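Geometric and topological summary
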Amino acid sequence: AVCEVRPVITVPGYGGLRVELPSPDATEAEIDEAVDAERRRQGDLVTVDRPVQAGDHVTLTLAASRDGEPVPGLNTEDWLYEVGRGWVAEGFDDQLIGASAPAELTFSANPNGMGEPADFTVTLSTVQEMVLPEVTDEWVAENIGEFDTLQQWRASIAERIGSAKLTQTRNLFMDRTTSALAELVDTPVPESMVNGDLQARVQNMMQQ
């Protein structure tokens, strides 16, 4: 039997090795973002008589063509669209901002994911503003079932976000520590060890 002697690896300076990791704690901004997401989910759309602003929801009929032929996926009726999402085409939202319903807009723009511009006709029928609820203890108790106060709800959000960030930090710790240690090692690796590791990875992949 052939006995492989593995090399002794020396890692000078590993005792002072430092890796930088992000804090796993939820920030106030992250908690606020989660609260606002729930407020938007439970907000009310109210029709307004003013020009379109970013963040408004507009009902529109959309028709896009190129050389007289409809562009697939860009022809729809009575579509409720949130202005500012940038989902349709480059500069599309800018054409809507400032318009008042009812209105018909015609312009050329480059659809997302396409290399050539298209001719758009947009019929704007309604403009609605999202009215968000005020977050109070009473609102939380009525709408966020398991909590009685805003403080309890925010604490739960912080715990959930912190748990997810901690998992990410653990994975990041392994990656950054491994990379940092590898940079300290300059011992050549025998080809037999490389081949053995490759074979083990292939076998593991086949088993999975």
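To keep things clear, this report deals only with the structure shown in the data block. (Residues numbered from 1 in each chain as written. Predicted model: local features only at pLDDT ≥ 70, side-chain atom pairs only at ≥ 80, totals over all residues. Heavy atoms only, no water.)

Before going further, it helps to spend a moment on the packing of aromatic side chains. Tallied over the full model, the rule gives seven aromatic pairs. Aromatic pair Trp 79 and Tyr 81: ring centres 4.9 Å apart, planes at 35°, arrangement tilted. Residue class for Tyr 81 comes out buried when judged on its relative accessible area of 0%. On the numbers, 6.0 Å between centres and 75° between planes, the contact of Tyr 81 with Phe 92 is edge-to-face. Separated by 11 residues along the polypeptide, Tyr 81 in strand S4 (residues 76-82) and Phe 92 in helix H2 (residues 92-96) bring together distant segments of the chain. Among the residues examined, Phe 92 registers a relative accessible area of 0% and is labelled buried. (Phe/Tyr/Trp six-rings, centres within 6.5 Å; stacked < 30°, edge-to-face > 60°. Buried < 20%, exposed > 50% of the residue type's maximum accessible area, 1.4 Å probe, protein only. Helix = DSSP H or I, 4+ residues; strand = E, 2+ residues; numbered from the N terminus.)

Residue placement: Gln 42 occurs in the loop between helix H1 (28-41) and strand S1 (44-47). Sequence-wise, Gln 42 and Pro 133 are 91 residues apart; in three dimensions their C-alpha atoms are separated by 7.5 Å. In contact with Gln 42, not counting residues within four places along its chain, are Pro 133, Trp 139, Asn 143 and Ile 144. (Contact = heavy atoms within 4.5 Å.)

We now examine the pattern of salt bridges. In the structure shown here, the tally under the stated rule is nine salt bridges. With its nearest N and O atoms 3.8 Å apart, the salt bridge here joins Arg 66 to Glu 116. You can see Arg 66 sitting in strand S2 (residues 57-66) and its partner Glu 116 sitting in the loop between strand S5 (103-109) and strand S6 (118-131), a full 50 residues away along the chain. By relative accessible area, Arg 66 is classed as partly exposed at 23%. Among the residues examined, Glu 116 registers a relative accessible area of 49% and is labelled partly exposed. With a closest N to O distance of 3.1 Å, Glu 82 and Arg 85 form a salt bridge. We classify Arg 85 as partly exposed; its relative accessible area is 45%. The network of salt bridges with shared partners includes Glu 28, Asp 32 and Arg 154. (Salt bridge = Lys/Arg side-chain N within 4 Å of Asp/Glu carboxyl O.)

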